[in-house]
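Residue-level structure breakdown
Single-letter residue listing:
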Amino acid sequence: MSETATSWGNAAELLAAAGVEEDVDYYRSFTSPDEKAVLSVAQRVQAAWAANDGDVFADCFSENGSLLMQDDQLTSREEIRSYMTQGFRGIYKGAHVTGYPLSLKFLSDGVALAVTEGGIVLDGETEVAPQRRIRATWVIVREGEGDLRLFSHQSSPING
């Protein structure tokens, strides 16, 4: 374990292991090693969207992970994989997501809750359209030896 690793791990190492380049600006004011490690999950999700890769996206989730996407409640990694693979071939083809953290709380030794704001940028667009702005909650869990995954992700539209 490196000298900068914490109970949640080292963000740069976690991202490198996933083949994702760390965006240090993403963290904003959440700069403790544990906060950065937790927020590395969101960076992995953004990378999966940028690659339009449903497998990589689903692998960010726990086996029994939950994703509320619009009106669809998905309750397993395999449901998420199928839904997003289909979405990246259809409505989300060429899309990516962007965002930033608003808050982060450690609920226990192995559970953290993050709130982010951002949205989906469809193919051909340069920014999030007002109707696709969202605020999202992320329940991130530590599984096994430093493996961080999403247990639950839910987003809601921001009106106004």
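Residues numbered from 1 in each chain as written. Predicted model: local features only at pLDDT ≥ 70, side-chain atom pairs only at ≥ 80, totals over all residues. Heavy atoms only, no water.

What follows is about the overall build of the chain. Of the regular secondary structure elements, the chain holds four helices and six strands. Ordered by position in the sequence, the α and β elements of the chain form the string α-α-α-β-β-α-β-β-β-β. A compact globule built from 160 residues would reach a C-alpha radius of gyration of about 15 Å, and the chain, at 15 Å, matches this within 12%. For the chain, the C-alpha atoms occupy an extent of roughly 45 × 30 × 25 Å along the three principal directions. In the chain, which comprises 160 residues, the proportion classed as buried is 42%. Once local pairs closer than 6 in sequence are excluded, the contacts in the chain between residues at least 24 apart make up 49%. Each charge class in the chain was averaged separately, 13 positive and 24 negative side chains, and the resulting centres sit 4 Å apart. (Helix = DSSP H or I, 4+ residues; strand = E, 2+ residues; numbered from the N terminus. Rg over C-alpha atoms; globule rule 2.2 N^0.38 Å. Buried < 20%, exposed > 50% of the residue type's maximum accessible area, 1.4 Å probe, protein only. Contact = heavy atoms within 4.5 Å. Lys, Arg positive; Asp, Glu negative; His and termini not counted. Charge placed at Lys NZ, Arg CZ, Asp CG, Glu CD.)

Moving on, we get to the packing of aromatic side chains. Applying the stated criterion across every chain, the model contains six aromatic pairs. With centroids separated by 6.4 Å and ring planes inclined at 85°, the aromatic side chains of Trp49 and Phe57 adopt a geometry described as edge-to-face. Comparing Trp49 with Phe57 shows no difference in burial state: the two are buried. Site record: aromatic cluster; members linked through ring pairs are Trp49, Phe57, Phe61, Phe88 and Tyr92. Positioned over the ring face of Trp8 is Arg142, at 4.9 Å from the centre of the ring. (Phe/Tyr/Trp six-rings, centres within 6.5 Å; stacked < 30°, edge-to-face > 60°. Lys NZ or Arg CZ within 6 Å of the ring centre and 35° of its normal.)

A few words on the layout of surface pockets. Roughly 490 Å³ of internal volume is contained in the largest pocket. Along the walls of the largest pocket sit 32 residues, with Val97, Ile120, Ile134, His153 and Ser155 positioned nearest its centre. For the lining of the largest pocket, the per-class residue count stands at 19 nonpolar, eleven polar and two charged. When its volume is computed, the second largest pocket comes out at roughly 270 Å³. Lining the second largest pocket are 16 residues, with Leu14, Ala17, Ala18, Arg44 and Cys60 positioned closest to its centre. Breaking the lining of the second largest pocket down by element, the ones donating at least two residues are helix 1 (11-17), helix 2 (33-51) and strand 6 (147-157). (1 Å grid on protein atoms, 1.4 Å probe; cavity = no way out; pocket = protein on both sides within 12 Å on 5 of 7 lines; lining within 4 Å. Points joined across faces, edges and corners; volume = space filled by probe spheres on them. Nonpolar A, V, L, I, M, F, W, Y, C, P; charged D, E, K, R; others polar.)

Summary statistics for the chain give a mean pLDDT of 94 and a share of 96% for residues scoring 70 or more. Long-range and interchain partners of residues 1-5, a stretch whose pLDDT sits below 50, account for five contacts in this model, where long-range means more than four residues apart. (pLDDT = per-residue confidence, 0-100.)

Along the chain, the position of Ala48 falls in helix 2. Sequence-distant contacts of Ala48, defined by excluding residues within four places in its chain, comprise Asp53, Val56, Phe57 and Phe88.

Time to look at the sheet that holds strand 6. With mixed pairing, the six strands of this open sheet are ordered in space as 2-1-6-5-4-3. Two strands bound the open sheet, and with one partner strand each, they are strand 2 (72-74) and strand 3 (96-108). Along the sheet, successive strands turn relative to each other by an average axial angle of 15°, direction set aside. Bridge count for strand 5 (residues 133-143) against strand 6 is ten bridges, and the pairing is antiparallel. Following the sheet pairing, Arg142 is matched in strand 6 by Leu148. The sheet contacts of helix 2 involve strand 1 (61-69), strand 3, strand 4 (111-121), strand 5 and strand 6, and relative to strand 3 the element is tilted by about 150°. Those strands touched by helix 4 (residues 77-89) are strand 1, strand 2 and strand 6, and its axis lies near 50° from that of strand 1. (Pairing = 2+ DSSP bridges. Axes fitted to C-alpha atoms, helices over the stretch in contact; angles between N-to-C directions.)

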